[in-house]
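What the coordinates show
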Amino acid sequence: MEKMVKINVINKSHHPLPAYATEQSAGMDLRANLSEPIVLKPLERCLVPTGLFIALPAGYEAQVRPRSGLAFKKGITVLNAPGTIDADYRGEVGVLLVNLSQEDFVVNDGERVAQMVIARHEIADFIEVSELDETERGAGGYGHTGVK
C-alpha cells in the first residue's frame with residue numbers, strides 16, 4: 001500500500017474493527033451491531049448500528065456503500081448510496097438499508113451489511129459568473145450520447 005491514513009476509532013461493538021479482505025480491496029465490510037435481529041420487510045428501510053465511532057482527518061470522507069452480494073442475491077442495498085461520513089462527524093456510524101426484494105430479510109448481529117471506503121475530497125470555492133465556457137457537449141444531458 002502506498003499511504004495509509006490513520007483513523008481514530010472507538011469500537012463499542014463486540015465485533016472486530018473493519019479490515020480489508022484483500023491487499024487491493026477498496027472497501028472494508030461494516031457489521032451490524034445488534035442486541036436482536038431486525039426483520040426488514042419489502043420496501044422497508046432501517047438504520048443499522050455498527051457500534052463504530054470514527055474521527056477522520058480533514059480532507060477525507062468515509063463512503064458507506066452497498067455490498068454487491070447482498071444487492072444481487074437478496075435485493076438489499078444502502079438507500080443513500082454512497083452515504084457520506086464527514087470528517088467532523090463524531091456520532092455512531094450507521095447503515096441505512098432498504099429491502100428492494102419481495103421477501104423479508106433478517107439482519108443478524110455481526111452480519112456484513114455494507115462496505116466503507118475512505119476517500120480524499122476537495123473543497124470547492126464557487127465563483128459566480130455570467131456565462132460558462134463552451135464545450136462540444138454543451139448542455140446535452142441524460143441520454144445525450146446515444147444508446148450504442
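This report concerns the structure included in the present document. The residue count restarts for each chain, going from 1 along the sequence in the order it is written. Reporting in this predicted model follows two pLDDT cut-offs: at least 70 for local features of residues, and 80 or more for side-chain atom pairs to be given and counted; totals over whole chains, interfaces and linings ignore these cut-offs and use all residues. Only hydrogens and water are set aside when side-chain values are computed; all heavy atoms of the structure are taken into account.

Secondary structure elements follow DSSP: runs of H or I of four or more residues count as helices, runs of E of two or more count as strands, with numbering from the N terminus. Assigned secondary structure in the protein consists of one helix and ten strands. Relative to its length of 148 residues, the protein is extended, with a C-alpha radius of gyration of 19 Å against a globular reference of 15 Å. Dimensions of the protein, computed from the C-alpha atoms along their principal axes, are close to 55 × 40 × 30 Å. For the protein, with 148 residues in total, the buried portion stands at 31%. Counted over contacts in the protein with a minimum sequence separation of 6, partners at least 24 positions apart contribute 70%. Values of accessible area rely on a 1.4 Å probe in the Shrake-Rupley scheme; residue burial ignores everything except the protein chains shown. In the structure as shown, the protein presents an accessible area of about 10,800 Å², 51% of it carried by carbon and sulfur atoms. Counted as positive: Lys and Arg. Counted as negative: Asp and Glu. His and the chain ends are not counted at all. The atom standing in for a charge is NZ when the residue is Lys, CZ when it is Arg, CG when it is Asp and CD when it is Glu. Counting 15 positive and 20 negative side-chain charges, the protein places the averaged centre of each group 9 Å from the other. The globule rule is 2.2 Å times the number of residues to the power 0.38, and the radius of gyration it is compared with is taken over C-alpha atoms. Accessibility here uses a 1.4 Å probe with only protein chains present; expressed as a share of the type maximum, an area under 20% marks a residue as buried, one over 50% as exposed, and anything in between as partly exposed. Contacts are assigned to residue pairs with any non-hydrogen atoms lying within 4.5 Å of each other.

Now for the environment of Lys6. With respect to the secondary-structure elements, Lys6 resides in the segment before β1 (8–11). Overall, the relative accessible area of 68% leaves Lys6 in the exposed class. Spatially, the C-alpha atom of Lys6 lies 21 Å from that of Arg65, the residues being 59 residues apart in sequence.

Time to look at the side chain of Gln63. With respect to the helices, strands and loops of the structure, Gln63 is situated in strand β5 (residues 60–65). Polar contact criterion, stated in full: a pair of N or O atoms within 3.5 Å, where within protein one must be able to donate a hydrogen and the other to accept it, and residues adjacent in sequence count only if both atoms are side-chain atoms. Of note is the side chain of Gln63, whose polar atom sits 2.9 Å from the side chain of Glu61. In this view, Gln63 contacts Pro82, Gly83, Gln115, Met116, Val117 and Ala119; residues no more than four positions away in its chain are not counted.

For the rest of this paragraph, the subject is the pattern of salt bridges. Salt bridge, as used here: a side-chain nitrogen of Lys or Arg that lies within 4 Å of a carboxyl oxygen of Asp or Glu. This structure, assessed with the given rule, holds three salt bridges. Two residues, Arg112 and Asp29, come together in a salt bridge whose shortest N-O distance is 3.0 Å. Of the two residues, Arg112 is situated in strand β10 (residues 112–120) and Asp29 in strand β2 (residues 28–31); the sequence distance between them amounts to 83 residues. On the accessibility criterion, Arg112 (35% relative accessible area) is partly exposed. Owing to a relative accessible area of 23%, Asp29 belongs among the partly exposed residues under this scheme. Note that Lys41 and Asp104 form a salt bridge whose closest N and O atoms lie 3.4 Å from each other. A residue pair is termed long-range when its members are at least 10 positions apart, and Lys41 in the loop between β3 (38–40) and β4 (45–55) and Asp104 in the loop between β8 (92–99) and β9 (105–107) qualify at 63 residues.

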